[in-house]
Amino acid sequence: MTALALPNFIEGMTIRPRRLRRAAALRDLVAEHRVSPGDLVLPLFVKEGLTDPVPVASMPGVVQHTRDSLRKAAARAAEAGVGGLILFGIPAAKDAHGSGADDSDGVVQRSLRDLVSDVGDACVIVADLCLCEYTDHGHCGLLAPDGTVAEEATLDRYRSVAVSQAAAGAHVIAPSGMMDGQVGAIRDALDLAGLTGTAILAYSAKYASAFYGPFRQAAESAPAFGDRSAYQQSPANSDEALREVELDLAEGADAVMVKPALGYLDVVRRVADAVRVPVAVYQVSGEYAMVEAAAARGWLDRRRAIAESLLSIRRAGADLVLTYWAVEAAEELLR
Ligand code: PBG
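Quick caveat: nothing in here was measured; it's all calculated off a predicted structure.

A word on the overall build of the protein chain. What the protein chain contains, in helices and strands, is 12 helices and 12 strands. In terms of C-alpha radius of gyration, the protein chain reaches 21 Å, essentially the compact-globule figure of 20 Å for 335 residues. Relative to its full complement of 335 residues, the protein chain shows a buried share of 49%. A fraction of 75% describes how many contacts in the protein chain between residues 6 or more apart in sequence connect residues 24 or more apart. A total accessible area of about 15,500 Å² is found for the protein chain, and carbon and sulfur atoms account for 53% of it. If you average the places of the 33 positive and of the 44 negative side-chain charges in the protein chain, the two averages end up 10 Å apart.

Shown next as structure tokens:
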């Protein structure tokens, strides 16, 4: 603050901030923030029963993987130095209970075992924990007869899913359903099962955002009716995000997440200032799609837009960034 208050002229000496911007090497030397491959987490989709990878129309460059193509993508990410992978599964069959989510032979459990054995020493393997990819109605929990989410019954499902994902080798469980008490329930279940070393990355401040649209195509998880406003946060609030973060930490979260990124960098800064645990930020599908779509029309310099957005997220206070551009960033943009 005092620096801002300085006059630009002190006893005959002119202050010239541009001196430090004159050359690339100088700018690089005085850079306050950087993004490194090891800070990045790559989201991956695996779908049961596929024989070939299926492109996601609204996310050019992103596919629903087969079990095999997933292994190849993970190996490439590990080779590039990407710090972590977060896995989303799409089962062949869905039902009201999301039965596929905690099947020890389910699509995610099998692929978690693959990834942990292939690249588990180089990359942190994260399992997203939610029911929306597994329920036929597409909501993140079980439904009561009136169509609202039945929270206690949902937490029981989350407990079971967490244990099955951790038993399959996931290093980190990331609950994204925004149910009250989900972190405590999962921690409890993991500990009871003897899985005390499995960490929890809580999607703490997850907003009810229009920017998840393309993801729902990729994960086939759009709600069949209604929306998620009764469990995800309102974009109008940021104090509420701090309350969510506090609760998750009290319940045993090892790291917290803010999501989406770009419209919520004020929330990222507030959270980063408030906590002493790692802060993750999810650069979501709609952020990816916006840049890709504009760049495809020649309206944006794609590489610069990607690098700038990642740097902005780090500058706001993120320790790690979940991004669909993780591999490209690690291989090319950050070198
Ligand atoms: C599942 C989940 C969602 C995302 C991550 N986990 C979608 C949603 O809440 O509908 C969104 C990620 C993205 O848009 O990239 N609950």
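For the structure shown, the criterion picks out 9 aromatic pairs. Relative to Phe 215, the ring of Phe 88 lies with its centre 5.0 Å away and its plane at 80°, an arrangement referred to as edge-to-face. With a gap of 127 residues between them, Phe 88 in strand β6 (residues 84-90) and Phe 215 in helix α7 (residues 213-219) connect regions that are remote in the sequence. The class for Phe 88 is buried, based on a relative accessible area of 2%. Among the aromatic residues, ring-to-ring pairing joins Phe 45, Phe 88, Tyr 203, Phe 215, Tyr 282, Tyr 288, Tyr 324 and Trp 325 into one connected group. When the ring centre of Tyr 212 is taken as reference, the NZ or CZ atom of Lys 259 above it lies at 4.5 Å.

Attention now moves to the layout of surface pockets. Think of a ball as big as a water molecule: rolled over the atoms, this probe shows where empty space is left. Roughly 650 Å³ of internal volume is contained in the largest pocket. Taken together, 18 residues make up the lining of the largest pocket; nearest its centre are Asp 28, Ala 31, His 33, Arg 34 and Leu 311. For the lining of the largest pocket, the elements supplying multiple residues, two or more each, are α2 (24-29) and α11 (302-315). For the lining of the largest pocket, the element with the most residues is α11, which contributes 4 residues. Among the residues making up the lining of the largest pocket, the classes are represented as 9 nonpolar, 2 polar and 7 charged. A volume near 400 Å³ is recorded for the second largest pocket. Lining the second largest pocket are 19 residues, and of these Leu 42, Gly 61, Val 62, Tyr 324 and Val 327 sit closest to its centre. Within the residue set of the lining of the second largest pocket, elements represented by two or more residues are β3 (40-47), β5 (63-65), α3 (67-80), α10 (285-296) and α12 (326-333). No other element matches β3, which puts 4 residues into the lining of the second largest pocket.

Inspection of the entire model under this criterion finds 18 salt bridges. Between Asp 28 and Arg 34 there is a salt bridge, with its nearest N and O atoms 3.2 Å apart. On the accessibility criterion, Asp 28 (47% relative accessible area) is partly exposed. Its salt-bridge partner being Arg 303, residue Glu 332 comes within 2.7 Å of it at the nearest N-O pair. Of this pair, Glu 332 sits in helix α12 while Arg 303 sits in helix α11, placing them 29 residues apart in sequence. Here the residues in one salt-bridge network are Arg 67, Arg 71, Asp 114 and Asp 118, joined through shared partners.

Not every one of the 18 residues close to the ligand is listed here, only the nearest: Arg 216, Gln 232, Lys 259, Ser 285 and Tyr 324. In this structure, an oxygen atom belonging to the ligand sits 2.8 Å away from a side-chain N or O atom of Lys 206. Between the ligand and Lys 259, the relevant distance is 3.4 Å, taken from a nitrogen atom to a side-chain nitrogen or oxygen of the residue. For the ligand, whose free accessible area comes to 400 Å², the fraction covered by protein is 100%. A class-by-class count of the residues in the shell around the ligand yields 10 nonpolar, 3 polar and 5 charged.

Tallied over the entire structure, the rule returns 2 cavities of 30 Å³ or more. In terms of lining, the largest cavity is formed by 19 residues, of which the most central are Cys 132, Lys 206, Tyr 212, Phe 215 and Lys 259. At the level of secondary structure, the elements contributing two or more residues to the lining of the largest cavity comprise β9 (199-206) and α7. Space inside the second largest cavity adds up to approximately 40 Å³.

So, about the nonpolar core. Grouped together as the largest cluster of nonpolar side chains are 105 residues, with contacts concentrated most on Phe 45, Leu 85, Tyr 158, Ile 173, Val 271 and Tyr 282. Ile 173 has contacts with Ala 127, Leu 129, Ala 162, Gln 165, Ala 166, Ile 186, Leu 190, Thr 198, Ala 199, Ile 200 and Leu 201, leaving out every residue within four places of it along the chain.

Here we take up the packing of helix α8 (residues 239-250) against helix α9 (residues 265-274). At a closest axis distance of 10 Å, the pairing of α8 and α9 adopts a crossing angle of 40°. As judged from the angle between their axes, α8 and α9 are oblique. At the point where α8 passes α9, the crossing takes the right-handed sense. Contacts between α8 and α9 involve Asp 239, Ala 241, Leu 242 and Val 245 from the first element and Val 267, Arg 270, Val 271 and Ala 274 from the second.

Here is what the cut-offs are and how they apply
- Residues take numbers from 1 onward in each chain, read along the sequence in its written order.
- Restriction of local features to residues with pLDDT of at least 70 applies here, the model being predicted, together with a cutoff of 80 or more for giving and counting side-chain atom pairs; totals for whole chains, interfaces and linings are based on all residues.
- Excluding hydrogens and water, the side-chain values take into account all heavy atoms of the structure.
- Put simply, DSSP H or I for four residues or longer makes a helix, DSSP E for two residues or longer makes a strand, and each gets a number counted from the N terminus.
- With C-alpha atoms as the basis for the radius of gyration, the globule rule is written as 2.2 Å multiplied by the number of residues raised to the power 0.38.
- Per-residue accessibility, obtained with a 1.4 Å probe over protein chains only, is compared with the maximum for each type, and a residue is labelled buried under 20%, exposed over 50%, and partly exposed between these values.
- Contact criterion: two residues are considered in contact whenever any of their non-hydrogen atoms come within 4.5 Å of each other.
- Accessible areas in this description were obtained via Shrake-Rupley with a 1.4 Å probe; residue shielding takes into account the shown protein chains only.
- Charged-residue counts in this description rest on Lys and Arg as positive and Asp and Glu as negative, His and the chain ends being excluded.
- Where a charge sits is defined by one atom per residue type, namely NZ (Lys), CZ (Arg), CG (Asp) or CD (Glu).
- Aromatic pairing here means that ring centres of Phe, Tyr or Trp (its six-membered ring) are within 6.5 Å. Orientation follows from the plane angle: under 30 degrees is stacked, over 60 is edge-to-face, and everything else is tilted.
- By definition, being over a ring means that NZ of Lys or CZ of Arg is both within 6 Å of the ring centre and within 35 degrees of the ring normal.
- Two kinds of site are reported from a 1 Å grid over the protein atoms alone, namely cavities, where a 1.4 Å probe fits but cannot get out, and pockets, open sets with protein on both sides within 12 Å along at least five of seven lines, and residues are called lining when an atom falls within 4 Å of a point.
- Grid points are joined across faces, edges and corners, and a volume is the space filled by probe spheres set on the points.
- For this classification, Asp, Glu, Lys and Arg are treated as charged, while Ala, Val, Leu, Ile, Met, Phe, Trp, Tyr, Cys and Pro are nonpolar and the rest, including Gly, are polar.
- Each salt bridge in this description consists of a side-chain nitrogen of Lys or Arg and a carboxyl oxygen of Asp or Glu lying within 4 Å of one another.
- Residues are classed as near a molecule or strand on a simple rule: at least one heavy atom within 4 Å of it.
- For this analysis, a polar contact is any N or O atom pair within 3.5 Å, provided that within protein one partner can donate a hydrogen and the other can accept it, and provided that sequence-adjacent residues contribute only side-chain to side-chain pairs.
- For this analysis, a nonpolar core means a set of buried residues of the types Ala, Val, Leu, Ile, Met, Phe, Trp, Tyr and Cys, connected via side-chain atoms within 4.5 Å.
- As a rule, the C-alpha atoms of each element are fitted with a line to give its axis, helices using only the stretch in contact, and angles between N-to-C directions run from 0 to 180 degrees.
- Oblique is the label for any angle not under 35 degrees, not over 145, and not in the 65 to 115 range, which are roughly parallel, roughly antiparallel and roughly perpendicular in turn.
- In a left-handed crossing the near helix is turned counterclockwise from the far helix by less than a right angle, and in a right-handed crossing that turn is clockwise.

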